[in-house]
Amino acid sequence: MVTGAAGNLGRAVVATLAGRDICLVCVDRSSEELEAFARTLPPKARVLTFAGADLSDPIVAQAMVEAAVDRFGRVDAMVNTIGGFATGPVTTHALAQWDMMMTLNARVALVTSVAVLPVMQAASYGRIVHIAAVPGLKAGAHQAAYAASKAAVIRLTESIAAEHRNDGITANCILPGTIDTPQNRAAMPDAKTTAWVSSSSIAQLIAFLISPAAAVVTGGAIPATGLA
Ligand SMILES: NC(=O)c1ccc[n+]([C@@H]2O[C@H](COP(=O)([O-])OP(=O)(O)OC[C@H]3O[C@@H](n4cnc5c(N)ncnc54)[C@H](OP(=O)(O)O)[C@@H]3O)[C@@H](O)[C@H]2O)c1
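Position numbers for residues count from 1 along each chain, tracking the sequence in the order it is written. For this predicted model, a pLDDT threshold of at least 70 governs which residues receive local features, and a threshold of 80 or more governs which side-chain atom pairs are given and counted, while totals over whole chains, interfaces and linings are taken from all residues. Heavy atoms from the whole structure form the basis of all side-chain values; hydrogens and water molecules are not counted.

Caption draft 1: Quick peek at helix α5 (residues 144–163). Only runs of H or I of at least four residues qualify as helices and only runs of E of at least two qualify as strands under DSSP, and these elements are numbered from the N terminus. One fewer than the residue count of a helix, multiplied by 1.5 Å, yields its expected span. End to end, α5 covers 28 Å across 20 residues, agreeing with the expected 28 Å (1.5 Å per residue, within 8%). Burial status follows relative accessibility: with a 1.4 Å probe on protein chains alone, a residue under 20% of its type maximum counts as buried, one over 50% as exposed, and anything between as partly exposed. Three or more residues of α5 are buried, namely Ala-145, Tyr-146, Ala-147, Ser-149, Lys-150, Ala-151, Val-153, Ile-154, Leu-156, Thr-157, Ile-160 and Ala-161. Looking at the packing, one finds that the buried side of α5 touches α4 (94–123), β5 (126–131), β6 (169–176) and β7 (221–224). Only heavy atoms matter for contacts: two residues are in contact if any of them lie within 4.5 Å across the pair.

Caption draft 2: Focus on the environment of Thr-181. With respect to the helices and strands, Thr-181 occurs in the loop between β6 and α6 (182–187). The exposure class assigned to Thr-181 is buried, which follows from its relative accessible area of 8%. Linking Thr-181 and His-142, residues 39 residues apart in sequence, is a C-alpha distance of 22 Å. In this structure the side chain of Thr-181 is engaged in a polar contact, spanning 3.0 Å, whose partner is the backbone nitrogen of Asn-184. Under this definition, polar contacts are N or O atom pairs within 3.5 Å; protein pairs additionally need one hydrogen-donor-capable and one acceptor-capable atom, and for neighbouring residues in sequence, both atoms have to be side-chain atoms.

Caption draft 3: The packing of helix α1 (residues 8–18) against helix α7 (residues 199–209), seen in detail. The convention used is that axes are lines fitted to C-alpha atoms, helices contributing only their stretch in contact, and that angles between N-to-C directions extend from 0 to 180 degrees. Two numbers describe how α1 lies on α7: the axes approach to 8 Å, and their chain directions differ by 55 degrees. As summarised for this structure, α1 and α7 are arranged oblique, according to the angle between their axes. The way α1 lies across α7 gives a crossing that is right-handed. Contact residues: α1 offers Asn-8, Leu-9, Ala-12, Val-13, Thr-16 and Leu-17, while α7 offers Ser-199, Ser-200, Ile-202, Ala-203, Gln-204, Ile-206 and Ala-207. Note on residue classes: Ala, Val, Leu, Ile, Met, Phe, Trp, Tyr, Cys and Pro are nonpolar, Asp, Glu, Lys and Arg are charged, and everything else, Gly too, is polar. Each residue belonging to the contact of α1 with α7 can be placed in one class, and the counts come to 8 nonpolar, 5 polar and no charged. Any angle between 65 and 115 degrees counts as roughly perpendicular, while under 35 counts as roughly parallel, over 145 as roughly antiparallel, and the rest as oblique. Should the near helix be turned counterclockwise from the far one by less than a right angle, the crossing is left-handed, whereas a clockwise turn marks it as right-handed.

Caption draft 4: Fine view of unusual backbone geometry. One non-glycine residue, Ser-124, lies in positive phi territory at about 55 degrees. If you trace the backbone, Ser-124 turns up in the loop between α4 and β5.

Caption draft 5: Examining the site of the ligand more closely. Of all residues adjacent to the ligand, which total 26 residues, the nearest are Leu-9, Asp-28, Arg-29, Ile-179 and Asn-184. In this structure, an oxygen atom belonging to the ligand sits 2.9 Å away from a side-chain N or O atom of Asn-8. Ala-53 places a polar main-chain atom, nitrogen or oxygen, 3.2 Å from a nitrogen atom of the ligand. Only the protein chains shown count as cover for residues, with accessible areas throughout obtained via the Shrake-Rupley method and a probe of 1.4 Å. Calculation on the ligand without its partners gives an accessible area of 900 Å², and the protein chains cover 80% of this total. When residues of the shell around the ligand are traced back to their parent elements, those giving at least two are α1, α4 and α5. Here the shell around the ligand is composed, by residue class, of 12 nonpolar, 10 polar and 4 charged. Throughout, the term near means that a residue has one or more heavy atoms lying within 4 Å of the molecule or strand in question.

Laid out in structure tokens, this is it:
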């Protein structure tokens, strides 16, 4: 199950897994973008799309899991790529941004985890991967809301890992550097992009983390910040 599947990283994760004969549940708030993307996948890929889903809503998240179980019988892994970025100083205007970042990054991570964990517990197997960010470890100026929301993702991941370490369920999060996306290129036209990370390289890391071979990796906040 890949949430945010119409986004930059979500698409890369889906594309990587589609080449590995894995049943895919692709979920996003968007409908048109998600359906258009799903049509680009290899015809042999086994894909369920769950479009128009606002995963800050627990009822929607529950419906997503039920649809996945109806179609494929279980959910082995959930990769939650939903998230976003905003900056601003700590002033009287910061509250709206705080609430927005907390919903987009932290609440969605909690809501999706709560929805998927019972199915994984019943199967005594599961892999959860969330996407945090380096400022979740230490914030810089104008990063209060973003950094706090990504710190919440890290702490949530650690807690899930600790609660389920005897259930065959792992939970990890990734701390990407700047991902090479069209949006980042447009926002930072003069940036040195050689220091950026490709979404496909992060997708390969995720593919390992959700594999049976990664059973010993849990509770991690794994940097994917590149070499430069
Ligand atoms: N891009 C970077 O440089 C970078 C760096 C560090 C960490 N990250 C993290 O990496 C992750 C992926 O980034 P990305 O660049 O792939 O982001 P993205 O392209 O914006 O993709 C996120 C996807 O999630 C969807 N979404 C947002 N809120 C949702 C909700 N409530 N319910 C369902 N779907 C929702 C978005 O739909 P809409 O288009 O409708 O919003 C979008 O399709 C995020 O957690 C981000 O914070 C990114």
